[in-house]
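Commentary on secondary and tertiary structure
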Amino acid sequence: MSAENSDALVISSDPLHPANLIPELCRSFYQLGWVTGTGGGICIRVGDKVFIAPSGVQKERIEPTHIFVLPYPQPPPSPHTDRVFLRRPTLKLKESACTPLFWNSFDLRAAGSCIHTHSQHAVMATLLWTGPVFTISHQARQMIKGVRIAGTGTALSYLDTLEIPIIENTPNEEDLKDSMAEAMVKYPNAAGVLVRRHGVYVWGNDWEKAKTQTECLDYLFEIGVKMKLAGLPTVLNE
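An account of the accompanying structure is given in this report. The structure displayed is predicted, hence computed values, not measured ones.

1. Description of a nonpolar patch on the surface
Side chains of M124, L127 and L229 sit close together on the surface and give an oily, nonpolar patch of about 260 Å² of accessible area. The residue L127 is located in helix 3 (residues 120-128) in this model.

This is the structure in structure tokens:
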């Protein structure tokens, strides 16, 4: 079975199969304004297989047959140069440009899923927090509790200060790989990484937790931006 015709890897009647979940989630994220204009991406890792959305495709129109499947782990120097595939779409599509960054979440956090959005709340947060980290504390318990230490650990509490590192954008997405990895090492408790003037990467143990954390972080970015613009402190010192 060649990597070009292995449709059995992405054709399933199970609605929870990654190849069915990714198009569904991308349509949901499109409605939220997170992945418009073909931007953004998502991957789901199940055991030794990684399912990744294509690049340059309108996210609300992705089909299961558009999904790329890669083995995990990849032989060096992949997945940053010569990637190995179990399955490529027959259409002339390219895997998400986020692929090397998704791999950071696997290698450094043992994540099962990683989501990349171009949320305007995330972008605004990177403009108002001019330093290397976004910080906020004492927010709605359900929102802060939805974020986990390191993205894969125990849940934060109302009294915790959330820190999300901010890295500088680059002309090409894949060139963010090293700076993202450095930020993840420097901020080991962070559940995501913001990219200035670009968006955010968020990971979790599985797609449900990655989705939940992306939603909770987006809420916290939005309320943080509103507080900042209103002249209110986003971190309370007790």
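Once you've had a look at it, read on.
2. Some thoughts on the side chain of K59
If you trace the backbone, K59 turns up in the loop between strand 3 (54-55) and strand 4 (68-71). Notably, K59 is buried but unbridged: the nearest opposite-charge side chain belongs to E60, and the N-O separation is 8.2 Å. At 2.6 Å, the side chain of K59 and the backbone oxygen of T38 are in polar contact. Separated by 3.3 Å, the side chain of K59 and the backbone oxygen of G40 make a polar contact. If we ignore the near neighbours within four places in the chain, the residues touching K59 are C26, R27, V35, T38, G39, G40, G41 and P54.

3. Examining helix 2 (residues 99-109)
The element helix 2 is largely enclosed, with a buried count of 9 among its 11 residues. Those residues of helix 2 that sit buried are T99, P100, L101, F102, W103, N104, S105, F106 and R109. Just downstream of helix 2, A110 is the residue with a positive phi angle, here 55°.

Basis of the calculations
For every chain, the first residue of the written sequence is number 1, and numbering continues from 1 along that sequence. It should be noted that, the model being predicted, local features are given only for residues of pLDDT at least 70 and side-chain atom pairs only at 80 or more, the latter also being counted only at that level, while totals for whole chains, interfaces and linings use all residues. Only heavy atoms go into the side-chain values, all of them from the structure, while hydrogens and water stay out. For patches, a residue must show more than 30% relative accessible area and have no salt bridge; joins then use 9 Å for like charges and 5 Å for nonpolar side chains, namely Val, Leu, Ile, Met, Phe, Trp and Tyr. Values of accessible area rely on a 1.4 Å probe in the Shrake-Rupley scheme; residue burial ignores everything except the protein chains shown. Whenever a carboxyl oxygen of Asp or Glu lies within 4 Å of a side-chain nitrogen of Lys or Arg, that contact is scored as a salt bridge. Under the scheme used here, helices are H or I runs from DSSP no shorter than 4 residues and strands are E runs no shorter than 2 residues, and both carry numbers assigned from the N terminus. Each residue's exposure class comes from its accessible area (1.4 Å probe, protein chains only) as a fraction of the maximum for that residue type: buried when under 20%, exposed when over 50%, partly exposed otherwise. The charge count includes Lys and Arg as positive and Asp and Glu as negative, but it does not include His or the ends of the chains. Each polar contact in these results corresponds to two N or O atoms within 3.5 Å; when the atoms are within protein, one needs to be able to donate a hydrogen and the other to accept it, and residues that are neighboring in sequence are counted only if both atoms are side-chain atoms. Should any heavy atoms of two residues lie within 4.5 Å, those residues are counted as being in contact.

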